[in-house]
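Close look at the chain arrangement
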Amino acid sequence: MIQTRVIPILLLKNGGLYKTINFKQPNYIGDPRNAIKIFNEKEVDELCILDISATDKKQSPDFALLDELASECFMPLSYGGGITTLEDMDKIFSIGIEKVVLNSVLHKNLKLLSEATQKYGDQSIVVSIDVKKTIFNRYNIFSNGGKKKIKIKLEEYINKLNDIGVGEIIITSINNEGMMKGMDTSLVKNVVNQSKSPVVAVGGIGDLSHI
């Protein structure tokens, strides 16, 4: 029997809850506190909170808000956005959040990933990868909320993560994100086949048939 998990991802911007389409058109949809209460009632397996504005604004995580959200949350919680140091991770873990999600910072400082896994254990570290499909059916990695193209092949990057060891990989299709018309299953399959870590697939789910 295949064990599955449903992990809603909440996108934060300036303290509010937003929805995006292809990483663009951020639309305010409410207070993240209310969303967490809803997911508590639905008893989802995990919850992931990503601040989509922190990296671009070069801001540290909003620890006060995270503390408030973590106190409301009854399920395991992960957080990403604006994390650049082990000290940031120390604060996040001290709040009670179980996992940190790293993305853009690793394309500047991959050594941070090794330091984090050594200090906290790889089970606490998640790497998020945002990719965009080209007209030639190739996948390019982007950072900074899909704004900056990274000059490394997806396969090569996953091999680097395999060598270091991470708890999970979140793979997001920028092309499909927010469209609710289905996932890029070829992308997901390729990453699952190559990764030594569990993979969380994001981008395009609109109904149960897509899952």
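For the structure, check the block above.
Residues numbered from 1 in each chain as written. Predicted model: local features only at pLDDT ≥ 70, side-chain atom pairs only at ≥ 80, totals over all residues. Heavy atoms only, no water.

Considering the pairing of strand β4 (residues 47-51)
- Counted residue by residue, β4 has five buried out of five residues, so it is predominantly covered.
- Here four bridges tie strand β1 (residues 9-13) to β4, and the two strands are oriented parallel to one another. Paired with I9 across the strands is C48, a residue of β4.
- Between the parallel pair β4 and strand β5 (residues 77-80), the chain is carried across by helix α2 (residues 63-72), and the sense of this crossover is right-handed. (Buried < 20%, exposed > 50% of the residue type's maximum accessible area, 1.4 Å probe, protein only. Helix = DSSP H or I, 4+ residues; strand = E, 2+ residues; numbered from the N terminus. Pairing = 2+ DSSP bridges. Right-handed = clockwise from strand over helix to strand, strands pointing away.)

Re the nonpolar core
- Core analysis: the biggest nonpolar cluster contains 50 residues, and M89, I129 and L154 have the highest contact counts within it.
- Ignoring anything within four residues of it in the chain, the contact list for L154 reads I129, V131, Y139, I141, I171, L187 and V191.
- Counting residues in hydrophobic clusters, the runner-up holds nine residues, among them I7, C48, I170 and V200. (Core = buried A, V, L, I, M, F, W, Y, C linked by side-chain atoms within 4.5 Å. Contact = heavy atoms within 4.5 Å.)

What about the packing of aromatic side chains?
- Here the structure, examined in full by the defined rule, presents two aromatic pairs.
- Taking the centre distance of 5.5 Å and the plane angle of 70 degrees together, the rings of Y18 and Y28 count as edge-to-face. With a gap of 10 residues between them, Y18 in strand β2 (residues 16-21) and Y28 in strand β3 (residues 24-30) connect regions that are remote in the sequence.
- Y18 gets classed as buried once you look at its relative accessible area, which sits at 18%.
- Plain terms: the ring middles of F93 and Y120 are 4.8 Å apart, the flat faces sit at 55 degrees to each other, and that makes the pair tilted. (Phe/Tyr/Trp six-rings, centres within 6.5 Å; stacked < 30°, edge-to-face > 60°.)

A look at the pattern of salt bridges
- Under the defined criterion, the tally for this structure stands at eight salt bridges.
- Residue R5 is joined to E168 by a salt bridge in which the shortest nitrogen-to-oxygen separation is 2.8 Å. Of the two residues, R5 is situated in the segment before β1 and E168 in strand β10 (residues 168-173); the sequence distance between them amounts to 163 residues.
- A relative accessible area of 36% means that R5 is categorised as partly exposed.
- The exposure class of E168 is buried, given its relative accessible area of 8%.
- Of the charged contacts, one joins E46 and K99 as a salt bridge, the two residues approaching to 3.4 Å between their closest N and O atoms. Of this pair, E46 sits in the loop between α1 (32-42) and β4 while K99 sits in strand β6 (residues 99-102), placing them 53 residues apart in sequence. (Salt bridge = Lys/Arg side-chain N within 4 Å of Asp/Glu carboxyl O.)

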